[in-house]
Amino acid sequence: MEQLEWVIKIGAALGAVAVIWRIFSQISRIPQYLKDMHRHTFENYMAILRITVMDPHMPLGERILAGQKYLETGGNGEVRKYAVEELHVTEAEGKEKK
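Overview of the structure.

## Regarding the overall build of the protein chain
1) Next: Within the protein chain, the regular secondary structure consists of five helices and zero strands.
2) Next: In the protein chain, the succession of α and β elements from N to C terminus is α-α-α-α-α.
3) Next: Here the C-alpha atoms of the protein chain give a radius of gyration of 27 Å, more than 25% beyond the 13 Å that 2.2 N^0.38 yields for 98 residues.
4) Next: Its C-alpha atoms put the protein chain at 85 × 25 × 20 Å along the principal axes.
5) Next: Intrachain contacts of the protein chain at a sequence separation of at least 6 include 40% that bridge at least 24 residues.
6) Next: Roughly 7,800 Å² of accessible area belongs to the protein chain as shown, and the carbon and sulfur atoms make up 65% of that amount.

Here is the structure:
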(Lines give C-alpha, C1' and ligand atoms only; values in the text may rest on other atoms or scores of the structure.)
Protein backbone atom coordinates (compact mmCIF):
# COMPACT_ATOMS: atom_id res chain seq x y z
CA MET A 1 0.00 0.00 0.00
CA GLU A 2 2.81 2.35 0.83
CA GLN A 3 4.42 1.72 -2.56
CA LEU A 4 1.20 2.68 -4.32
CA GLU A 5 1.13 5.98 -2.45
CA TRP A 6 4.73 6.66 -3.54
CA VAL A 7 3.86 5.87 -7.15
CA ILE A 8 0.90 8.25 -6.97
CA LYS A 9 3.03 11.02 -5.41
CA ILE A 10 5.79 10.59 -7.98
CA GLY A 11 3.22 10.61 -10.79
CA ALA A 12 1.65 13.79 -9.42
CA ALA A 13 5.06 15.46 -9.11
CA LEU A 14 5.99 14.51 -12.68
CA GLY A 15 2.63 15.77 -13.90
CA ALA A 16 3.17 19.09 -12.12
CA VAL A 17 6.65 19.42 -13.60
CA ALA A 18 5.26 18.70 -17.07
CA VAL A 19 2.58 21.37 -16.67
CA ILE A 20 5.09 23.94 -15.41
CA TRP A 21 7.47 23.13 -18.29
CA ARG A 22 4.63 23.50 -20.80
CA ILE A 23 3.65 26.89 -19.38
CA PHE A 24 7.22 28.20 -19.52
CA SER A 25 7.70 26.90 -23.06
CA GLN A 26 4.58 28.82 -24.14
CA ILE A 27 5.62 31.99 -22.33
CA SER A 28 8.88 32.06 -24.28
CA ARG A 29 6.87 32.17 -27.52
CA ILE A 30 4.87 35.28 -26.58
CA PRO A 31 7.37 37.90 -27.85
CA GLN A 32 7.53 36.26 -31.29
CA TYR A 33 3.75 35.91 -31.33
CA LEU A 34 3.36 39.62 -30.57
CA LYS A 35 5.84 40.55 -33.32
CA ASP A 36 3.93 38.40 -35.79
CA MET A 37 0.61 39.93 -34.74
CA HIS A 38 2.03 43.45 -35.11
CA ARG A 39 3.35 42.65 -38.58
CA HIS A 40 0.06 41.10 -39.67
CA THR A 41 -1.93 44.04 -38.32
CA PHE A 42 0.31 46.48 -40.19
CA GLU A 43 0.01 44.46 -43.40
CA ASN A 44 -3.79 44.44 -43.06
CA TYR A 45 -3.83 48.19 -42.42
CA MET A 46 -1.76 48.83 -45.54
CA ALA A 47 -3.98 46.52 -47.59
CA ILE A 48 -7.09 48.40 -46.50
CA LEU A 49 -5.43 51.70 -47.43
CA ARG A 50 -4.46 50.29 -50.85
CA ILE A 51 -8.00 49.12 -51.49
CA THR A 52 -9.45 52.46 -50.38
CA VAL A 53 -7.09 54.45 -52.62
CA MET A 54 -7.70 52.32 -55.69
CA ASP A 55 -11.47 51.75 -55.39
CA PRO A 56 -13.24 54.17 -57.75
CA HIS A 57 -16.52 53.64 -55.87
CA MET A 58 -15.13 55.17 -52.66
CA PRO A 59 -15.75 58.89 -52.03
CA LEU A 60 -12.88 61.02 -53.30
CA GLY A 61 -12.18 62.54 -49.88
CA GLU A 62 -11.72 59.13 -48.29
CA ARG A 63 -9.44 58.07 -51.13
CA ILE A 64 -7.26 61.16 -50.66
CA LEU A 65 -7.03 60.68 -46.88
CA ALA A 66 -6.16 57.01 -47.37
CA GLY A 67 -3.52 58.06 -49.91
CA GLN A 68 -1.97 60.47 -47.42
CA LYS A 69 -1.86 57.80 -44.73
CA TYR A 70 -0.43 55.33 -47.23
CA LEU A 71 2.41 57.71 -48.11
CA GLU A 72 3.03 58.59 -44.45
CA THR A 73 3.46 54.95 -43.50
CA GLY A 74 5.94 54.28 -46.28
CA GLY A 75 3.69 52.74 -48.89
CA ASN A 76 5.15 52.51 -52.37
CA GLY A 77 4.62 50.92 -55.76
CA GLU A 78 1.70 51.41 -58.10
CA VAL A 79 -0.63 52.64 -55.36
CA ARG A 80 1.84 55.36 -54.38
CA LYS A 81 2.19 56.38 -58.01
CA TYR A 82 -1.60 56.46 -58.43
CA ALA A 83 -2.09 58.49 -55.24
CA VAL A 84 0.49 61.07 -56.28
CA GLU A 85 -0.36 61.33 -59.98
CA GLU A 86 -4.13 60.84 -59.99
CA LEU A 87 -5.25 61.98 -56.54
CA HIS A 88 -2.51 64.63 -56.23
CA VAL A 89 -1.51 63.48 -52.77
CA THR A 90 1.91 64.52 -51.48
CA GLU A 91 3.79 63.41 -48.40
CA ALA A 92 4.03 67.02 -47.19
CA GLU A 93 0.24 67.30 -46.99
CA GLY A 94 0.03 64.18 -44.85
CA LYS A 95 2.85 65.28 -42.52
CA GLU A 96 1.31 68.71 -41.92
CA LYS A 97 -1.85 67.11 -40.54
CA LYS A 98 -0.06 65.04 -37.88
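## Points about the packing of helix 2 (residues 30-54) against helix 3 (residues 60-72)
1) Next: As a packed pair, helix 2 and helix 3 sit with axes 8 Å apart at the nearest point and diverge in direction by 140 degrees. Regarding the angle of helix 2 to helix 3, the classification is oblique. When you trace helix 2 past helix 3, the crossing you get is left-handed. Contacts between helix 2 and helix 3 involve Tyr-45, Met-46, Leu-49, Arg-50, Thr-52, Val-53 and Met-54 on the former and, on the latter, Glu-62, Arg-63, Ala-66, Gly-67, Lys-69 and Tyr-70.
2) Next: Residues of the contact of helix 2 with helix 3, tallied by class, amount to seven nonpolar, two polar and four charged.

## Some words on the nonpolar core
1) Next: With ten residues, the main nonpolar core is built from Met-46, Leu-49, Val-53, Ala-66, Tyr-70, Leu-71, Val-79, Ala-83, Leu-87 and Val-89.
2) Next: Elements supplying a minimum of two residues to this core: helix 2, helix 3 and helix 4 (78-85).

Here is what the cut-offs are and how they apply
- Counting starts from 1 at the beginning of each chain's written sequence and moves along it residue by residue.
- Local features are withheld for residues below a pLDDT of 70 in this predicted model, meaning they are given only at 70 or higher, and side-chain atom pairs are given and counted only at 80 or more; totals for whole chains, interfaces and linings count all residues.
- Computation of side-chain values covers all heavy atoms of the structure but excludes hydrogens and water.
- Secondary structure elements are defined from DSSP: runs of H or I of at least 4 residues count as helices, runs of E of at least 2 residues count as strands, and each element is numbered from the N terminus.
- For the radius of gyration, the atoms used are the C-alpha atoms, and the globule rule reads 2.2 Å times the number of residues raised to 0.38.
- We call two residues contacting when some pair of their heavy atoms lies within 4.5 Å.
- All accessible-area figures derive from a Shrake-Rupley calculation using a 1.4 Å probe, and residue coverage is judged against the displayed protein chains alone.
- Between the N-to-C directions of two axes lies an angle of 0 to 180 degrees, each axis being a line fitted to C-alpha atoms and, for a helix, fitted only over the stretch in contact.
- What sets the label is the angle itself: under 35 degrees gives roughly parallel, over 145 gives roughly antiparallel, 65 to 115 gives roughly perpendicular, and the rest give oblique.
- For any pair of crossing helices, the crossing counts as left-handed if the nearer helix is rotated counterclockwise from the farther one by less than a right angle, and right-handed if it is rotated clockwise.
- The residue classification treats Ala, Val, Leu, Ile, Met, Phe, Trp, Tyr, Cys and Pro as nonpolar and Asp, Glu, Lys and Arg as charged. All others, Gly included, are polar.
- By nonpolar core is meant a set of buried Ala, Val, Leu, Ile, Met, Phe, Trp, Tyr and Cys residues that side-chain atoms within 4.5 Å join together.
- Residue burial is assigned from relative accessible area. The probe radius is 1.4 Å, only protein chains are included, and a residue is buried under 20% of its type maximum, exposed over 50%, and partly exposed in between.

Spatial relationships are all this shows, so hold off on functional conclusions.
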